[in-house]
Amino acid sequence: MKRAAATFGSAIILMTVAGCSASADKSGGPASADAGKFLSQPLVSEIYTADPSAHVWEDGRIYVYPSHDIDAGVPEDDLGSHFAMRDYRVLSMDNVGGKVTLHDVALDIKDVPWAGRQMWAPDAAYKNGTYYLYFPVKDKQDVFRMGVATSTSPTGPFKARPEPMKNSFSIDPAVFKDSDGEHYMYFGGIWGGQLQKWATGSYDAKGSNTDLGKPDEAALAPKVARLNGDMVEFAEAPRDVVILDEKGQPLKAGDNARRFFEGSWVFKRGDTYYFTYSTGDTHFLVYATGKSPYGPFTYRGKILEPVQGWTTHHSIVEQGGKWYLFYHDTQLSGKTHLRNVKVTELAFNADGSIVTIKPIKD
Ligand code: FUB
């Protein structure tokens, strides 16, 4: 199934209806004519944004670290070559519903000496007066690595370290700060995210281009590693994040509606760790819960039904006692690689389960 043109449920119908032309960057461009069909509206329309990683830092504001989508003219393929982003820009707001500020360029690919192409979904962390921007980008050998850049401001500009993180690979870093102050990076993504090429423990350029192609075997696991005190390297070798089914068995690779694809995000509520992720080719955001940042996690259900567009990638953050889901769709462009970030409130049931959200109205 093509990553670029794949369809799911109602998504393709709405993509066709909403489809409109788009340029690389927009100046207050028109919202989709059927904007009322969407649960939420884009946070900004001046540029295209995706993969929103939201945090509330010490000043109490919400900062969102998204991908900055552009139309680079690269043909669509299963490896996501058309996601050819070249810089990052940060969004901030006092609270959800308030004015959203689009900040200047936080990091440009030209200022990352080892980078080749494709700045994908970033995340950020804060410790002792320094903000850390973590970003996946292909190196000059076309292998995804994780970069780190630092700043004294949450919105940058960030200065990239001269080398990628040692032993880093694949995509979609998500950094979680536990209540004891330790930080953990979750990461990984199959297909264009290259996780399947690391199945043997080292990079196999001839490895499968999508997944392992073994549907009855355990699905490829996302990874987790605790960060060093200096926040710029792993303190340990990355470990598998095991996601179990209701019988305590690892989810299988052929269980496409539940197995991990990309887009890890972890948060803690009470004593429970929520490992949340995208199922990729089935287009759900789902979650699993556990009692340790390392897992194992048991699959619990869906967070978000499919959005308009192929990809879905998110973050979950608490502010003022309310929980919010940041996510993206393609409302503004109708094009899979030109996305826009959104936010909606997230609700929990008394047993800690998440109330599934429909991003498109019935
Ligand atoms: O934005 C590029 C890639 O698309 C991200 O890394 C994935 O999570 C998907 O959203």
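Residues numbered from 1 in each chain as written. Predicted model: local features only at pLDDT ≥ 70, side-chain atom pairs only at ≥ 80, totals over all residues. Heavy atoms only, no water.

Novice: Sorry if this is basic, but what is going on with the overall build of the chain here?
Specialist: Within the chain, the regular secondary structure consists of 1 helix and 21 strands. A compact globule built from 362 residues would reach a C-alpha radius of gyration of about 21 Å, and the chain, at 19 Å, matches this within 12%. Seen through its principal axes, the chain has C-alpha atoms that stretch 50 × 45 × 45 Å. Here the chain holds 362 residues, and 59% of them are scored as buried. Expressed as a percentage of contacts within the chain between residues at least 6 apart in sequence, the contacts between residues at least 24 apart total 55%. If you sum the accessible surface of the chain, you get close to 14,000 Å²; carbon and sulfur atoms cover 49% of it. Both charge centroids of the chain, one from 39 positive and one from 44 negative side chains, sit 1 Å from each other. (Helix = DSSP H or I, 4+ residues; strand = E, 2+ residues; numbered from the N terminus. Rg over C-alpha atoms; globule rule 2.2 N^0.38 Å. Buried < 20%, exposed > 50% of the residue type's maximum accessible area, 1.4 Å probe, protein only. Contact = heavy atoms within 4.5 Å. Areas by Shrake-Rupley, 256 points an atom, 1.4 Å probe, with all protein chains shown as cover. Lys, Arg positive; Asp, Glu negative; His and termini not counted. Charge placed at Lys NZ, Arg CZ, Asp CG, Glu CD.)

Novice: How should I be thinking about the nonpolar core in this particular structure?
Specialist: In a soluble, globular protein the nonpolar side chains are often hidden away together inside. Counting residues in hydrophobic clusters, the biggest one holds 41 residues, and the most contacted among them are Tyr 134, Met 185 and Phe 275. Per-element accounting of this core gives the leading share, 4 residues, to strand 11 (residues 183–187). Beyond its immediate stretch of four places on either side in the chain, Phe 275 contacts Tyr 186, Pro 222, Val 241, Ile 243, Phe 260, Ser 264, Trp 265, Val 266, Val 286, Tyr 287, Ala 288 and Phe 297. (Core = buried A, V, L, I, M, F, W, Y, C linked by side-chain atoms within 4.5 Å.)

Novice: Looking at this structure, I do not really get the pattern of salt bridges. What am I missing?
Specialist: Where charged atoms from two side chains of opposite charge approach closely, those side chains can pair. Tallying each qualifying case throughout the model produces 18 salt bridges. Note that Lys 223 is salt-bridged to Asp 240, the shortest N-O span being 2.4 Å. Pair noted here: Lys 223 is in strand 12 (residues 223–226) and Asp 240 is in strand 13 (residues 239–240), with a separation of 17 residues, a long-range link. A relative accessible area of 41% places Asp 240 in the partly exposed class. Ionic pairing is found between Glu 236 and Arg 239, a salt bridge with its closest N-O pair at 3.0 Å. (Salt bridge = Lys/Arg side-chain N within 4 Å of Asp/Glu carboxyl O.)

Novice: Quick question: what am I supposed to make of the pairing of strand 3 (residues 87–93) here?
Specialist: Side-chain direction in a regular strand flips from residue to residue, so the side chains alternate between the two faces of the sheet. The element strand 3 is extensively covered by neighbouring structure, given that 7 of its 7 residues are classed as buried. Burial along strand 3 is two-sided: Asp 87, Arg 89, Leu 91 and Met 93 and Tyr 88, Val 90 and Ser 92, pointing in opposite directions, are all buried. Examined bridge by bridge, strand 2 (residues 62–69) and strand 3 share 3 bridges and lie antiparallel to one another. If you follow Ile 62 over to strand 3, its bridge partner there is Met 93. Bridge count for strand 3 against strand 4 (residues 101–108) is 5 bridges, and the pairing is antiparallel. Counterpart to Asp 87 in the pairing with strand 4 is Asp 108. (Pairing = 2+ DSSP bridges.)

Novice: What is the right way to look at the environment of Val 143 in this model?
Specialist: Assignment of secondary structure puts Val 143 in the loop between strand 7 (130–139) and strand 8 (144–151). Considered as a pair, Val 143 and Ala 115 are 28 residues apart in the sequence and their alpha carbons are 9.7 Å apart. When neighbours within four sequence positions are excluded, Val 143 is seen to be in contact with Val 137, Lys 138, Gln 194, Trp 198 and Tyr 203.

Novice: Just checking my understanding: could you explain unusual backbone geometry for this structure?
Specialist: Both trends apply: most residues other than glycine have a negative phi, and most peptide bonds are in trans. The residue after Gly 156, namely Pro 157, is reached through a cis peptide bond having omega 5 degrees. Of note, Pro 157 is situated in the loop between strand 8 and strand 9 (159–160). Along the chain, Gly 295 connects to Pro 296 via a cis peptide bond; the corresponding omega equals 0 degrees. Along the chain, the position of Pro 296 falls in the loop between strand 17 (285–290) and strand 18 (297–304). Positive phi is not limited to glycine here, since Asp 142 has a value of about 70 degrees. Within the secondary structure layout, Asp 142 lies in the loop between strand 7 and strand 8. Taking the relative accessible area as the measure of exposure, Asp 142 reaches 30% and is therefore partly exposed. Residue Trp 191 is not a glycine yet carries a positive backbone phi of 60 degrees.

Novice: What's the story with the environment of Arg 339 in this structure? I'm lost.
Specialist: Tracing the sequence through the fold places Arg 339 in the loop between strand 20 (322–329) and strand 21 (340–346). Along the primary structure Arg 339 and Ile 70 are separated by 269 residues, whereas in three dimensions their C-alpha atoms are 9.1 Å apart. Leaving out residues up to four positions away in the same chain, Arg 339 has contacts with Tyr 48, Thr 49, Ala 50, Asp 51, Asp 69, Phe 83, Met 85, Thr 311, His 328, Asp 329 and Thr 330. A distance of 2.9 Å separates polar atoms of two side chains, one belonging to Arg 339 and the other to Thr 311. (Polar contact = N/O pair within 3.5 Å; in protein donor to acceptor, adjacent residues only side chain to side chain.)

Novice: Help me understand the environment of Ser 264, please; the structure alone is not making it clear to me.
Specialist: Mapped onto the elements, Ser 264 comes out in strand 15 (residues 262–269). For the pair formed by Ser 264 and Leu 332, sequence separation is 68 residues and the distance between their alpha carbons is 25 Å. With near-sequence residues (within four places) excluded, Ser 264 lies in contact with Ala 174, Tyr 186, Phe 187, Pro 222, Phe 275, Thr 276 and Tyr 277.

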